[in-house]
Amino acid sequence: MLFRSPFFDKGSYSMIEKLFNEQTVAVDVQVKDWVEAIKFGGNLLVESDAVETEYIDAMIENVKKMGQYIVIAPGLAMPHARPEHGVKKIAMALVKLKTPVAFGHEEYDPVDVLVFLSATDQTAHIGVLAELMQLLEDDEFLTQVRNGMSKPEIIEYISEQKYLAKE
């Protein structure tokens, strides 16, 4: 069953297709470490006017204070911070690194795909997060991203909502 959110047009099938776009998806990004990776993705959120620059610092501080909890699966991290650290609106960004970087996670390092999330409060992003989890559980999607899927192909894949088809 598909979750429908009051935050988007009535009748809209997918919420995340509105969040991943030319401004918020980047591929073949070269960084030297996890801090640079978070800064890069955080800047995508800043440039799309979803967060203030302090949000980037908060994401980095979270990892320094709480460890690598943002590394949620092999090669996959989801940097985020609390709404009060400069969030203006619900947003997501996807960054595919050219060369994976270590976050210090014993089991899931190195990371080559990062999905950034900003939410305005503790509950507003629940529907979006549910769709994102379906997308990230789509092995075909992650395999294609890792095998060189282009930015337009990533955006098209998400907009086609292949990940929402649950029988």
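Structure: see above.
Here's what I pulled together on the structure shown here.

Reading guide: rules and limits
- Residues numbered from 1 in each chain as written.
- Predicted model: local features only at pLDDT ≥ 70, side-chain atom pairs only at ≥ 80, totals over all residues.
- Heavy atoms only, no water.
- Phe/Tyr/Trp six-rings, centres within 6.5 Å; stacked < 30°, edge-to-face > 60°.
- Helix = DSSP H or I, 4+ residues; strand = E, 2+ residues; numbered from the N terminus.
- Buried < 20%, exposed > 50% of the residue type's maximum accessible area, 1.4 Å probe, protein only.
- Pairing = 2+ DSSP bridges.
- Contact = heavy atoms within 4.5 Å.
- Axes fitted to C-alpha atoms, helices over the stretch in contact; angles between N-to-C directions.

1. Here's the deal with the packing of aromatic side chains
1) Next: In this structure the tally under the stated criterion is two aromatic pairs.
2) Next: Seen in terms of ring centroids, Trp34 and Phe103 are 5.8 Å apart; in terms of plane orientation they differ by 35 degrees. Their pairing is tilted. In this pair, Trp34 is assigned in helix α2 (residues 34-47) and Phe103 in the loop between β4 (91-101) and β5 (111-118), connecting sequence segments 69 residues apart.
3) Next: Given a relative accessible area of 17%, Trp34 falls into the buried group.
4) Next: Residue Phe103 is classed as buried on the basis of its relative accessible area of 4%.
5) Next: Arranged with centres 5.1 Å apart and planes meeting at 35 degrees, the rings of Phe141 and Tyr157 form a pair that is tilted. Of this pair, Phe141 sits in helix α5 (residues 139-146) while Tyr157 is found in helix α6 (residues 151-159), placing the two residues 16 residues apart along the sequence. Of the two residues examined, Phe141 and Tyr157, each falls in the buried class.

2. So, the sheet that holds strand β1 (residues 25-29)
1) Next: Ordered by their spatial adjacency, five strands build an open sheet running β1-β4-β5-β3-β2, and the pairing between neighbours is mixed. Single-partner strands in this sheet number two, and they are β1 and β2 (71-73).
2) Next: Bridge count for β4 against β5 is seven bridges, and the pairing is antiparallel. Each residue of the ladder has a partner; that of Ala91, found in β5, is Ser118.
3) Next: Running over the sheet, α2 touches β1, β4 and β5 and is turned about 150 degrees from β4.
4) Next: α6 contacts β1 and β4 of the sheet and is inclined by roughly 140 degrees relative to β1.

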